Amino acid sequence: MDLRSGAYFGFSDSAATAWQMVGPEGVSTAGLAAAMRSIWPDSTDVIEADVCQFVDQLFAHDLIVPITECPSPLPAPEGQVQAYGPPALQKHSDLQDLFLLDPVHEVDPAVGWPHLPGQGSSVALVVAPDHELLVARAPDVTLLIDRTTGLYAALEGEANQLWSRIASGPTTLTTGPFTAALLQAGFAVVAPPVGTLAPSSEAIVTTPEPLPAPPLAPTLHRDLVDTLRPWITRPRPLPAAEPLPAQVITAAFDAYAATTAERCGSDFLEQGFRLGDRHLVLRTLPGQDIEALLPALAHRAETAPSAQHAPAHAAPADNPPALTITLFTATDLPASAPLAQVLLTLGINFSDAIGLRGELLALQGSGLSGHYDPGTRLLAVLDGSGGQAWVVKRDEAPLPFWELGSPLRFLLHEWFAAEGLQFVHGACVGGSRGGVLLAGPGGAGKSTTALMCVAAGLRYVGDDYCLADPARGWIHSLYGTGKLKGPEDFQRLPGLEGQAINADAFERGGTGKAVLPVASLWPERMAAGLPLQAILLPRLSSDPAPRLEPCSVAELLLSLVPSTVGQLPAADDGDCRRLVQLVAGLPAYVLHLGADPSLLPAVIEALTGR
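So, here's what we can say about the structure. Worth saying up front: this structure is predicted, and the values here are computed from it rather than measured. (Residues numbered from 1 in each chain as written. Predicted model: local features only at pLDDT ≥ 70, side-chain atom pairs only at ≥ 80, totals over all residues. Heavy atoms only, no water.)

1. Things to note about the sheet that holds strand β4 (residues 133-138)
In step 1: Spatial strand order, β4-β5-β6: three strands in an open sheet with antiparallel pairing. The strands lining the two open edges of the sheet, one partner per strand, are β4 and β6 (151-156). With direction set aside, neighbouring strand axes in the sheet form an average angle of 15°.
In step 2: Relative to strand β5 (residues 141-146), β4 is paired through six bridges, and the arrangement is antiparallel. By the bridge assignment for β5, Leu 134 is matched with Ile 145. (Pairing = 2+ DSSP bridges. Helix = DSSP H or I, 4+ residues; strand = E, 2+ residues; numbered from the N terminus. Axes fitted to C-alpha atoms, helices over the stretch in contact; angles between N-to-C directions.)

If you want it as structure tokens, here you go:
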């Protein structure tokens, strides 16, 4: 029974056996299949495929999670063995309303918990006072994303109208599944009693008569919970009472970079790039491992790198950069005591130095912003008003595939957002008339579809992340890379086998995706950008051929917005507004991929031209 969704599940005999053999420590899929073959030796030819399909069902319903270890399965349950049948999962939702009943929030106001309210009772709601709640509003749809709970939902029709009332002030609604869902997801909270003073010292006023709530609860989506939730689970930190002055930090990073260059015995090399019609300069020290971040951007390089003896912020007078980023690897501590203290804390216990999503607490309120990724040990600090940034790699371990394929995305997202441009989680390909954006969560088929198209001769803007100009309806190229997730992808794209640039690629014995240098393999097919013609939402399907099916605005926003903002720590309501502006008025389709993916390029070419 899943008390988060109100659904409950039943197993067939073989499925129940498989479930019991998983055990508290987990099991590998191969080990589970081997154990089941020992129970039903006459069915060994089908068991492995059946087990894989069963595991996919469990993943789809969020009943199991992946683990890094692969222990052996528990012994098979004792007792009579039934005849083999494929392990099957049955989902039931007929008691959802009962299971989702929330006695903490839905209480009788006169006597309190645990007494439930009588028929026709009501509750006053206000929008949750937390900036972890993101809101994307389209003309007839509101998309709500609570990054504390990891839940998101689209409200349409009457539900959308009621949310507008709640957003404008305390609103009294009849209790039921709709109000319970808003409270459970963290979208709304119970308003203080009438007459209570709000923080602004104004009395709370609610609607005099309760408004009828819709009979059904909105669907709460949980598939991106791990992506959307904070990285650190503790109360939100307050800004520092005395933040480090911006000029102290910027001077410390400049000195740190200069000292590192002196120790390496070389000058910084400066390389100009054109990203989103902006001129950026990246400074690196030759021979350092952090240079591995540059190849993904090489297709947007303006000139060959050259040694510069000028300070970090200097640039040719006739073409000053909008942003200069200094990148270097340094495992020692800087001479600056304040910066050294920050780096020491990051090394000893990083959770004391960063906020819920990796934001550097020492910079809160300083006018600068910083982000630290404890997995890669990359520290990025942005001085947006000064047009400069620093990225410091705090160890010499190889960078993982996601950094090599989409480097500097946290820093660039925040800087471009201030410029009115929007990072988008999606791939873009097209032709003479423009491009299509392939959107959706990871595993939807965006990367494979994009690479199938560029291999067939269509133009390529990017995979995984692109940069959108919502005001122009334009998609800019950011990264000249693509990704494939497993050996089966090479069956569709055999020419890409052996081309991965990352040491942790699956084809090199690692566990990561294969990062492919698309811009180097097909330089003539790279596009700096394309006008956006349509949005496509790839979906796996068993149709014999790919086909397009018009989709609603709600389905479009559900596929595009949560997966984008969930992966960008500095995302806020501004990101939601820009994404809604980008897709407004554009045709949007579900792209059913079909059984023959070689036909996909022709479907997309029909929309975009050659």
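2. Considering the side chain of Ser 559
In step 1: Of note, Ser 559 is situated in helix α15 (residues 553-565).
In step 2: A polar atom in the side chain of Ser 559 sits 3.0 Å from the side chain of Arg 539.
In step 3: Excluding residues that lie within four positions of it along the chain, Ser 559 makes contacts with Ala 439, Gly 440, Pro 441, Leu 537 and Arg 539. (Polar contact = N/O pair within 3.5 Å; in protein donor to acceptor, adjacent residues only side chain to side chain. Contact = heavy atoms within 4.5 Å.)

3. Considerations on the pattern of salt bridges
In step 1: The full count for this structure, using the stated rule, is 19 salt bridges.
In step 2: Arg 147 is paired through a salt bridge with Glu 132; the nearest N and O atoms lie 3.7 Å apart. Placement of Arg 147 in the loop between β5 and β6 and of Glu 132 in the loop between β3 (122-127) and β4 is noted, with a sequence separation of 15 residues between them.
In step 3: The residue Asp 575 makes a salt bridge to Arg 578 at a minimum N-O spacing of 3.6 Å. Of this pair, Asp 575 and Arg 578 both sit in helix α16 (residues 573-583), three residues apart, roughly one helical turn. Across the pair, Arg 578 and Asp 575 agree in class, each one buried.
In step 4: The structure contains a network of salt bridges with shared partners spanning Glu 132, Arg 147 and Arg 357. (Salt bridge = Lys/Arg side-chain N within 4 Å of Asp/Glu carboxyl O. Buried < 20%, exposed > 50% of the residue type's maximum accessible area, 1.4 Å probe, protein only.)

4. What to know about the side chain of Ser 28
In step 1: On the secondary structure map, Ser 28 appears in the loop between α1 (13-22) and α2 (29-39).
In step 2: Overall, Ser 28 belongs to the buried group, its relative accessible area being 17%.
In step 3: Within the structure, the side chain of Ser 28 is placed 2.9 Å from the backbone nitrogen of Gly 31, a separation counted as a polar contact.
In step 4: For Ser 28, the residues in contact, after removing those within four places along its chain, are Cys 70 and Pro 71.

5. Digging into a nonpolar patch on the surface
In step 1: Together, Leu 333, Leu 344 and Ile 348 line one region of the surface with nonpolar side chains, adding up to about 290 Å² of accessible area.
In step 2: Mapping Ile 348 onto the fold places it in helix α9 (residues 337-349). (Patch = residues over 30% accessible without salt bridge, like charges linked within 9 Å, V, L, I, M, F, W, Y side chains within 5 Å. Areas by Shrake-Rupley, 256 points an atom, 1.4 Å probe, with all protein chains shown as cover.)

6. So, the packing of helix α12 (residues 446-455) against helix α17 (residues 600-608)
The axes of two packed helices give the description: the angle between them and the distance between them.
In step 1: Where α12 meets α17, the closest approach of the two axes is 9 Å, and the angle between their N-to-C directions is 80°. By the angle between their directions, the pair α12 and α17 is classed as roughly perpendicular. The segment α12 lies against α17, with Thr 449, Met 452 and Cys 453 engaging Leu 600, Pro 601 and Ile 604.
In step 2: Considered class by class, the residues forming the contact of α12 with α17 number five nonpolar, one polar and no charged. (Parallel < 35°, antiparallel > 145°, perpendicular 65-115°, else oblique. Nonpolar A, V, L, I, M, F, W, Y, C, P; charged D, E, K, R; others polar.)

7. Quick word on the environment of Thr 324
In step 1: By the element assignment, Thr 324 lies in strand β12 (residues 323-329).
In step 2: The buried category is assigned to Thr 324, whose relative accessible area is 3%.
In step 3: Taking the C-alpha atoms as reference, Thr 324 lies 4.7 Å from Gln 388; in sequence the two are 64 residues apart.

8. A few points about the sheet that holds strand β8 (residues 188-190)
In step 1: Overall, antiparallel pairing links the three strands, which are arranged β7-β3-β8 in an open sheet. Either end of the sheet is taken by a strand with one partner, and the two such strands are β7 (171-174) and β8. Pairs of neighbouring strands in the sheet enclose a mean axial angle of 45°, with direction left out of account.
In step 2: Note: β3 against β8, three bridges, orientation antiparallel. Bridged to Val 127 within β8 is Ala 188.
In step 3: On top of the sheet, helix α5 (residues 157-168) reaches β3, β7 and β8; it is set at about 70° to β3, its chief contact.

9. Let's talk about the pairing of strand β14 (residues 378-383)
Consecutive residues of a regular strand have side chains that alternate between opposite faces of the sheet.
In step 1: Most of β14 sits inside the fold, with six of its six residues counted as buried.
In step 2: Burial along β14 is two-sided: Leu 378, Ala 380 and Leu 382 and Leu 379, Val 381 and Asp 383, pointing in opposite directions, are all buried.
In step 3: Adjacent in sequence and paired antiparallel, strand β13 (residues 369-373) and β14 are bridged by four residues, among which Arg 377 carries a positive phi angle near 60°.
In step 4: Judged from the six bridges that link them, β14 and strand β15 (residues 388-393) form a sheet pairing that is antiparallel. Each residue of the ladder has a partner; that of Leu 379, found in β15, is Val 392.
In step 5: Between β14 and β15, which pair antiparallel and follow one another directly, the connecting turn spans four residues, one of which, Gly 387, has a positive phi of 65°.

10. So, helix α8 (residues 246-264)
In step 1: Taking 1.5 Å as the rise per residue, α8 with 19 residues should run 27 Å; its terminal C-alpha atoms sit 27 Å apart, in good agreement.
In step 2: Among the residues of α8, Ile 249, Thr 250, Ala 252, Phe 253, Tyr 256, Ala 257, Thr 260 and Ala 261 are the ones counted as buried.
In step 3: Taken together, the buried residues of α8 touch β12, α9, β14 and β15.
In step 4: Among the residues trailing α8, Gly 265 stands out with phi positive, at a value near 70°. (Expected span 1.5 Å × (residues − 1).)

11. Considerations on α12
In step 1: For α12, the buried fraction is high: nine of the ten residues fall into the buried class.
In step 2: Those residues of α12 that sit buried are Lys 446, Ser 447, Thr 448, Thr 449, Ala 450, Leu 451, Met 452, Cys 453 and Val 454.
In step 3: Of the residues flanking the end of α12, it is Gly 457, one or two places downstream, whose phi is positive at about 110°.

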